[in-house]
Amino acid sequence: MAETKTELQDQQAVALPQAEAQAADTDGGAEMSLIDHLEELRRRLLISLAAVALGSIVCYFYAQELVHYITAPAGKLYYMNPAEAFFTYLKVSFFAGFLLALPVVLYQMWAFVVPALTKRERQASLILVPASLALFFLGLAFSYFLVLPAGIKFFIGFATEDLQPMFSIGQYLSFVISFLLPFGVIFELPLLIFIMAKFGLISSAYLVAKRKIMLVMAFVVGAVISPTPDVFSQTMVAIPLLFLYEISILAVKYILRK
């Protein structure tokens with residue numbers, strides 16, 4: 001009986017440090033109930049919405065300058081009804097405000113899920129979240145400074161003496177937003193591939209073997225997310241996607257050594 005009691009005490013002494021280590025590796029506090037999680041989610045959403053609203057209000061005071069920069073590749077534009085310019089300013093303010101508040105929104109998302117992460121996953125997220133944000137804005141900049149001017153020039157090139165372009169500010173803005181955002185998304189490709197390679201799901205040899213498939217997929221993705229169905233827009237999306245794929249291969253091969 002005494003030996004059994006001693007063995008039980010020894011097992012408890014071993015199990016207690018393990019439980020403490022697991023608790024320290026995750027949140028280190030008491031578990032939250034479903035109601036607590038919903039309240040936390042609600043609070044994070046309200047903060048995110050407030051950040052976007054505040055960013056939109058700030059950007060509204062600079063809406064005229066923002067419209068000037070956005071419309072620079074196309075030159076002089078027109079509005080076809082009295083309210084179109086006003087609603088265009090609102091749309092530009094909201095779009096710019098969302099981009100301005102995006103770091104806050106991502107932080108709120110990260111803060112909501114971080115209690116469920118292990119210590120190692122938290123450390124990784126401190127690198128991955130800023131990296132994803134940087135790649136998103138890099139994609140927007142690439143599209144605005146390189147791809148968008150080339151696309152506008154291409155479409156204006158169809159003008160003739162009898163057919164002159166006259167862009168509506170509202171339609172042009174919708175075209176620009178639908179042209180910029182996909183590049184922000186596809187520039188996340190290297191990060192996605194890097195994470196998959198880190199977990200051992202793929203390797204550089206696997207990526208090299210799938211080059212032909214990626215070539216086809218790049219044009220399929222270009223056809224799906226490009227704002228117009230023409231081959232030029234699809235190509236302008238597909239080429240950066242293929243370039244990022246090649247960069248991902250080099251990163252996996254020489255950084256991860258896989």
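Throughout, a residue's number is its position along its own chain's written sequence, starting from 1. Local features in this predicted model are restricted to residues of pLDDT 70 or higher, and side-chain atom pairs are both shown and tallied only at a pLDDT of 80 or more, whereas totals for entire chains, interfaces and linings draw on every residue. For the side-chain quantities, the full set of heavy atoms in the structure was used; hydrogens and water were omitted.

## Some words on helix H5 (residues 119-156)
Working definition: helices are DSSP H or I runs of at least four residues, strands are E runs of at least two. Numbering for both runs from the N terminus. By definition here, a helix of n residues has an expected span of 1.5 Å times n minus one. Taking 1.5 Å of rise per residue, 38 residues should cover 56 Å, and H5 covers 54 Å from first to last C-alpha, within 8% of that figure. A residue's bend is the angle separating two fitted axes: one through the seven residues that end there, the other through the seven that start there. Within H5, the axis deviates most sharply at valine 147, by approximately 40°, and proline proline 149 lies no more than four positions further along.

## A look at the packing of aromatic side chains
Paired rings are identified among Phe, Tyr and Trp, the last through its six-membered ring, by centres lying within 6.5 Å, and are further divided according to the angle between planes into stacked (under 30 degrees), edge-to-face (over 60) and tilted (the rest). According to the stated counting rule, one finds 11 aromatic pairs in the structure shown. Between phenylalanine 142 and phenylalanine 183, the ring centres sit 6.1 Å apart and the planes meet at 45°, which makes this aromatic pair tilted. In this pair, phenylalanine 142 sits in helix H5 while phenylalanine 183 sits in helix H6 (residues 169-186), placing the two residues 41 residues apart along the sequence. Exposure is judged per residue with a 1.4 Å probe applied to protein chains only, and the accessible area is read against the type maximum: over 50% gives exposed, under 20% gives buried, and values in between give partly exposed. For phenylalanine 183, a relative accessible area of 1% puts it in the buried group. By relative accessible area, phenylalanine 142 is classed as partly exposed at 26%.

## A word on the pattern of salt bridges
Salt bridge, as used here: a side-chain nitrogen of Lys or Arg that lies within 4 Å of a carboxyl oxygen of Asp or Glu. For the structure on display, the rule yields three salt bridges. A salt bridge links arginine 43 to glutamate 40; the nearest nitrogen and oxygen atoms lie 3.3 Å apart. Of this pair, arginine 43 and glutamate 40 are both found in helix H2 (residues 34-60), three residues apart, which corresponds to roughly one turn of the helix. Exposure remark for glutamate 40: the relative accessible area of 18% places this residue in the buried category. Taking the shortest distance from any N to any O, the salt bridge between arginine 211 and glutamate 246 comes out at 2.9 Å. One end of the pair, arginine 211, is in helix H9 (residues 211-225); the other, glutamate 246, is in helix H10 (residues 231-254), with 35 residues separating them in the sequence. With a relative accessible area of 37%, arginine 211 lands in the partly exposed category. Note on glutamate 246: relative accessible area 30%, which makes it partly exposed. When salt bridges with common partners are traced through the structure, they connect Glu40, Arg43 and Arg44 into a single cluster.

## Points about the confidence of the model for the protein chain
On average, residues of the protein chain carry a pLDDT of 81, and 88% of them reach 70 or more. Segment residues 1-9: pLDDT under 50, and zero contacts once partners within four positions in sequence are set aside and those in other chains are kept. What pLDDT conveys is the predictor's confidence in a given residue, as a value from 0 to 100. Note on contacts: a residue pair is in contact if any heavy atoms of the two residues lie within 4.5 Å.

## Examining the side chain of glutamate 188
Positionally, glutamate 188 belongs in the loop between H6 and helix H7 (189-198). In summary, the charge assignment counts Lys and Arg as positive and Asp and Glu as negative, without counting His or the chain termini. Buried and unpaired, glutamate 188 has lysine 198 as its nearest opposite-charge partner, separated by 18 Å. If sequence neighbours within four positions are ignored, glutamate 188 has contacts with Ser132, Leu135 and Phe136.

## Thoughts on a nonpolar patch on the surface
A contiguous nonpolar surface patch, about 620 Å² in accessible area, is contributed by Ile213, Leu215, Val216, Met217, Phe219, Val220 and Val224. Residue placement: phenylalanine 219 occurs in helix H9. Patch membership is restricted to residues that have no salt bridge and whose relative accessible area is over 30%. Joining uses 9 Å for like charges and 5 Å for the nonpolar side chains Val, Leu, Ile, Met, Phe, Trp and Tyr. Using a 1.4 Å probe, the Shrake-Rupley method yields the accessible areas, and only the shown protein chains count as cover for residues.

## Observations regarding the UniProt feature "transmembrane region" (unreviewed entry) in the protein chain
Within the UniProt annotation, "transmembrane region" (unreviewed entry) is assigned to residues 45-63, 92-114, 126-152, 172-201, 213-229 and 235-256. Secondary structure content for residues 45-63 is 89% helix and 0% strand, and the end C-alpha separation is 26 Å. Overall, residues 126-152 shows 100% helix and 0% strand. The separation of its end C-alpha atoms is 38 Å. UniProt positions are given in the numbering used here, feature names are shortened, and annotations may be inferred rather than shown by experiment.

## As for the packing of H5 against H6
With axes taken as lines fitted to C-alpha atoms, and helix axes fitted only over the stretch in contact, angles between N-to-C directions fall between 0 and 180 degrees. For the pair H5 and H6, the least separation of the axes is 8 Å and the interaxial angle reads 135°. When the axes of H5 and H6 are compared, the pair comes out oblique. Of the two possible hands of crossing, H5 and H6 adopt the one that is right-handed. Of H6, the residues touching H5 (which contributes Leu135, Phe136, Gly139, Leu140, Phe142, Ser143, Tyr144, Val147, Leu148, Ile152 and Phe155) are Tyr172, Phe175, Val176, Phe179, Leu180, Leu181, Phe183, Gly184 and Val185. Taken together, the residues of the contact of H5 with H6 sort by class into 17 nonpolar, three polar and no charged. By the definition adopted for this analysis, an angle is roughly parallel if under 35 degrees, roughly antiparallel if over 145, roughly perpendicular if from 65 to 115, and oblique otherwise. The crossing is said to be left-handed when, going from far helix to near helix, the turn is anticlockwise and less than a right angle, and right-handed when the turn is clockwise. In this classification, Asp, Glu, Lys and Arg are treated as charged, Ala, Val, Leu, Ile, Met, Phe, Trp, Tyr, Cys and Pro as nonpolar, and every other residue, Gly included, as polar.

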